[in-house]
Structures are given as C-alpha cells and as structure tokens.
Amino acid sequence: MTDKEPLFSAKNMKLLREPLGASNPITVQVLGICSALAITVKLEPSIVLAISVLVVMAVSNVVISLMRKIIPPRIRIIVQLVVIATMVILVDEVLQAYAYDVSKQLSVFVGLIITNCIIMGRLEAFALANKPWPAFLDGVGNAFGYGMILILVAFFRELLGSGTLLDIQIIPKAIYEMGYVNNGLMVLPPMALIVVGIFIWIQRSRNKDLIEQK
Amino acid sequence: MRNFSNTYIFIFSAVMVIIVAVLLSFVAMQLKPLQDMNKEIERMGDILGSVGKAEDASEVKDKKAYINEEFDKYITSTYVIDFDGNIVERDAFEVTLNIKVQTDKPVEERVFPIFVFTGSEGETKYIVPLRGKGLWGPIWGYVAFNPDMNSIYGAVYDHAKETPGLGSEINADFFEHAFRGRKIFNEAGEFVSVEVVKGGTSDDNLYGVDAISGGTITSKALEDMLMDNFQGYVKHFKEKAETN
C-alpha cells in the first residue's frame, strides 16, 4: 500500500468507462428505468435530472466511502439511505431556488432519486469497500451512463414527438407544410420503453458478450 | 468486518441525524427567500394565466421582471371581502399567498381576495384564487369571471403531486379550456358551482365539464374545491352583478 496509484490509472479509468458501455446501468443492468421513462419527453428536464443524479451519486459515493470504516454494518442500509436522502433534499432545495420551472416539471422525480436503485446499488456494491477516489469515479461513471441514456432518449423523443430540442423548433415549418406530422406516440411513456429497447438491441448486436447464454 | 457495540450504533445514528438536521435546516433557511420569490412570481403568472396573459413567459429571458411588469399593467385593482360581502382591509396578494390559512377555516370566517383585470380594450375580468385537497396533496387554481359575475372567462389549475398522466392532467389546456363559458349560477339565480362529470358531459351543459379519465378522485376534489371556494363569493357576486 506504500506506492501510490496514479489518479487516472487504467483500473480507475475502467470505473469511469465501463458504466458507459458494457455495464451501463440502464441498458445492461436495467436499473433506474422508472425515471428514464417518465421525464424523457423533453430534453431539458432530462439534462437537469441527469446532473442531479450525477451530483447525488458522486457525493454520496464519496461520503459513504469516507465513512466506510465507521459505519456499523448492521445499520449500513439506513446510513446509505440517510446520505442519499440528504443529498436529494439538498439538490431539490437548490433546484427550487435556482431552477424553479424545471423543478416543477421534474416534480416527484427529484424526490424519487432517493429510490433510484442505481445509487443504492453503487453504494452497497462499491463505495462501502473502496477508497473515496475510486468511489467518486465509480459514481461519476455510473451517473454518466445513466444520464447518457436519459439524454439520448429525450433527444429522440423531443425531436420526433414535438419537433423541437430544448424547446427550440428544429424541424422547419416547410416540412410540416409538406405534410409531416409530429409523432404523438413519442410523447407518451411507452415510447421511452421502446426507444430504450432499441438502444439495448443496438448495443447487444454490437457487443455479443452481453447476450445471455441459453 | 469489525463488530460494533449497540452503544456505538446508537451514538453513531444520533450524531449522524443531528449533523444531517443541522445541514438541511441551514440550507433551507439560506434558500428560503429565493424560493419564496419564485413562488410569488408563479402565483402572479398563474393569475395572469387565468385571463390568457403572460403565457409565453417561459420564452422571456428575465421572467421575473416580465411577470412583474405584466402584473402591474393588467391587474388594476385588488380587494378582499368577507363572507358577507363587506370589503376588508387586507392585501389581496398576501392573502392569496397564504390562502391555506383561509381554506382551513370554516367558510363564514374566511376572507376572499379578488383581483380585477383590465385588458387593453378596457374589458374587465374578476379573478379569484382557489385551493383544495387533491388525492395526494394540495390542488389550487385561479378562475377569471366575466363582469356578469357568473360565466367563467378562463381558469388555470395546478397541483403539487397528483398522479402523473392521470390526476395531474388538471393543469392541461384541454381541461382548463373546458371551463370557459361555464356558469356558476343557474337560470333561477341559485348558486350551483361547476360540476365535474364522470363519464362525460356535452358542450351544452353550462354547469359541468368532463372529468379526467383515470383521475376521478382528483376530478371530484377539484369539483369540491370549486364549490368550497366559490360559495364565499356568492353574496358579493350577486351584488356586483347588479351594479356592473
């Protein structure tokens, strides 16, 4: 333990990279689907939720990792919940003060970050057994993996469903005049599931390791 | 894995809870003024929304200044009445901000704010704030009346935590627009409020609108809210209708 590991060693970078692809929380582990379906109608709330999750996940991972030696194992789940809940309330308060409209759109889903299985899963599986820096990277990596899918789904849903991105009209009027119609189905929750399904399909067809053996 | 004694666990939990409590109260106190201001701006925006103004506020850069300006421009006077229709010396906006204090009291003891809107062509609308209990949390709204003090000119509703996609639809345009032209007094001049009809009603029904499919409890709660809040204005509206 004397020789110091470099901050961005291969092992640490893996923590950051893996959740983006081969162990993506949404498309591979199928966690955190609920919020991914609910708030991806528009790009803006998706980005805000992704950032919120990033903050909550990174900070609570570090906090739990710092406390890992003093947390009594018998109440560790409670401690994890308290840390996550505290972070979520902080994020919620800040959003209400500085991004009121978005916080209204996200409504219950900010609060529901508490129950986002990805966060607790990472705390339990990683932060409790690792040093703060790797725990931080793991949190950031997983939050990016989650946020990336969220934003991609929202991108397609807002573009095809409303013809806008970040509420700015993207599809020109001329195309509407030629008879193009926004796909109303895209703004309904089931389409989020289908879009996520298509992502999973694409990912698995390119990375055969992810396909379960019969 | 180390073994921790029960005493340690108790002390650990207590210390953790105290730290968290201090941290959260501190942040909440720091951010309160900003949050309150956001809420005031939202109320003003909703009041204007009930008469179809300031609906493009989200596209304006400085939303606060814009809403403040529009509010000062269009809301030409405000007053507060009691159950008997007498004017009370209160600030209507202040009462609206704390409307829960009023709706928690029996209707005879409440005071009722009214916002008078004067449009660019001199038309006048009377806006009243509402508050009630939804399925999971509070619901509220603002209804604008035409000068006959009977037919509804426009309405906005909102909610804190109604079921997304079901009860939450009370703030959707299709539901709010259905209230336009509905009346709260029947032909005999009796107060009937507006009914929210499960299973649907026709456009000819002047005293009812379609309920929201899958949102029956919220719809009923909204109907109760209309009844509960409007009844305090009945006396004043009848007097006002004669003088207008």
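Since we're looking at a predicted model, the values are computed, not measured.

Engineer: Can you help me understand the overall build of chain B in this one?
Structural biologist: Of regular secondary structure, chain B possesses 7 helices and 8 strands. Its C-alpha atoms give chain B principal-axis dimensions of about 80 × 40 × 40 Å. In the structure as shown, chain B presents an accessible area of about 12,600 Å², 54% of it carried by carbon and sulfur atoms. Of the charged side chains in chain B, 25 are positive and 38 negative, and the gap between their average positions amounts to 6 Å.

Engineer: How should the pairing of strand β3 (residues 111–118) of chain B be read in this particular structure?
Structural biologist: Regular strands place their side chains on alternate faces of the sheet. Residues and elements named next belong to chain B. Within β3, 7 of the 8 residues are buried, leaving the element largely enclosed by the surrounding structure. In the sheet, strand β1 (residues 75–82) pairs with β3 via 7 bridges, with the strands oriented antiparallel. By the bridge assignment, T78 is partnered in β3 with F115. Across 4 bridges, β3 lies against strand β4 (residues 124–133) in antiparallel orientation. When the bridges of β4 are listed, F115 appears paired with I127. What sits between β3 and β4 in their antiparallel hairpin is a turn of 5 residues, with G122 showing a positive phi close to 85°.

Engineer: Which parts of the structure should I look at to understand the pattern of salt bridges?
Structural biologist: All names here are of chain B. Scanning the entire structure with this criterion turns up 7 salt bridges over all chains. The partner of K100 in a salt bridge is D104, and the shortest N-O contact between them spans 3.0 Å. The exposure class of K100 is partly exposed, given its relative accessible area of 43%. Residue E223 pairs with K220 through a salt bridge whose shortest N-O separation is 3.3 Å. Here E223 pairs with K220, and both are found in helix α6 (residues 216–230), just 3 residues apart, close to one helical turn. E223 gets classed as buried once you look at its relative accessible area, which sits at 16%.

Engineer: Explain the nonpolar core to me, please; I cannot follow it from the model alone.
Structural biologist: Taken as a class, soluble globular proteins show a tendency for nonpolar side chains to be buried jointly. In terms of nonpolar packing, the biggest core is built from 58 residues, with L49(A), V56(A), I64(A), V79(A), L106(A) and I113(A) touching the most fellow members. Take this core: its biggest share by element is 9 residues, from helix α4 (residues 76–98) of chain A. Ignoring any residue separated from it by four or fewer positions in sequence, one finds L49(A) in contact with S35(A), I39(A), L106(A), F109(A), I113(A), Y146(A) and L150(A). If you look at the next biggest cluster of nonpolar residues, it comprises 34 residues, including I81(B), V107(B), I139(B) and V234(B).

Engineer: Sorry, what's going on with helix α8 (residues 132–162) of chain A here?
Structural biologist: Since the α-helix advances by 3.6 residues per turn, residues separated by three or four positions end up pointing in the same direction. Its 31 residues give α8(A) an end-to-end C-alpha distance of 42 Å, which sits within 8% of 45 Å, the value for a rise of 1.5 Å per residue. Immediately beyond the C-terminal end of α8(A), within one or two residues, lies G163(A), with a positive phi of roughly 70°.

Engineer: Quick question: what am I supposed to make of the sheet that holds strand β6 (residues 152–159) of chain B here?
Structural biologist: What links the strands of a sheet is backbone hydrogen bonding, and the strands pair in either a parallel or an antiparallel sense. Residues and elements named next belong to chain B. Judged by pairing direction, the sheet is antiparallel, and its 6 strands sit side by side in the order β2-β1-β3-β4-β5-β6 without closing on themselves. Of all strands in the sheet, those with a lone pairing partner are β2 (87–88) and β6, marking the two edges. As paired strands, β1 and β2 are joined by 2 bridges and run antiparallel to one another. Along β2, the bridge assignment pairs V80 with V88. Packing of helix α7 (residues 234–243) onto the sheet brings it into contact with β1, β3, β4 and β5 (138–145), and relative to β1 it is tilted by some 130°.

What counts, and where the lines are drawn
Residues numbered from 1 in each chain as written. Chains lettered and ligands numbered in written order. Predicted model: local features only at pLDDT ≥ 70, side-chain atom pairs only at ≥ 80, totals over all residues. Heavy atoms only, no water. Helix = DSSP H or I, 4+ residues; strand = E, 2+ residues; numbered from the N terminus. Areas by Shrake-Rupley, 256 points an atom, 1.4 Å probe, with all protein chains shown as cover. Lys, Arg positive; Asp, Glu negative; His and termini not counted. Charge placed at Lys NZ, Arg CZ, Asp CG, Glu CD. Buried < 20%, exposed > 50% of the residue type's maximum accessible area, 1.4 Å probe, protein only. Pairing = 2+ DSSP bridges. Salt bridge = Lys/Arg side-chain N within 4 Å of Asp/Glu carboxyl O. Core = buried A, V, L, I, M, F, W, Y, C linked by side-chain atoms within 4.5 Å. Contact = heavy atoms within 4.5 Å. Expected span 1.5 Å × (residues − 1). Axes fitted to C-alpha atoms, helices over the stretch in contact; angles between N-to-C directions.

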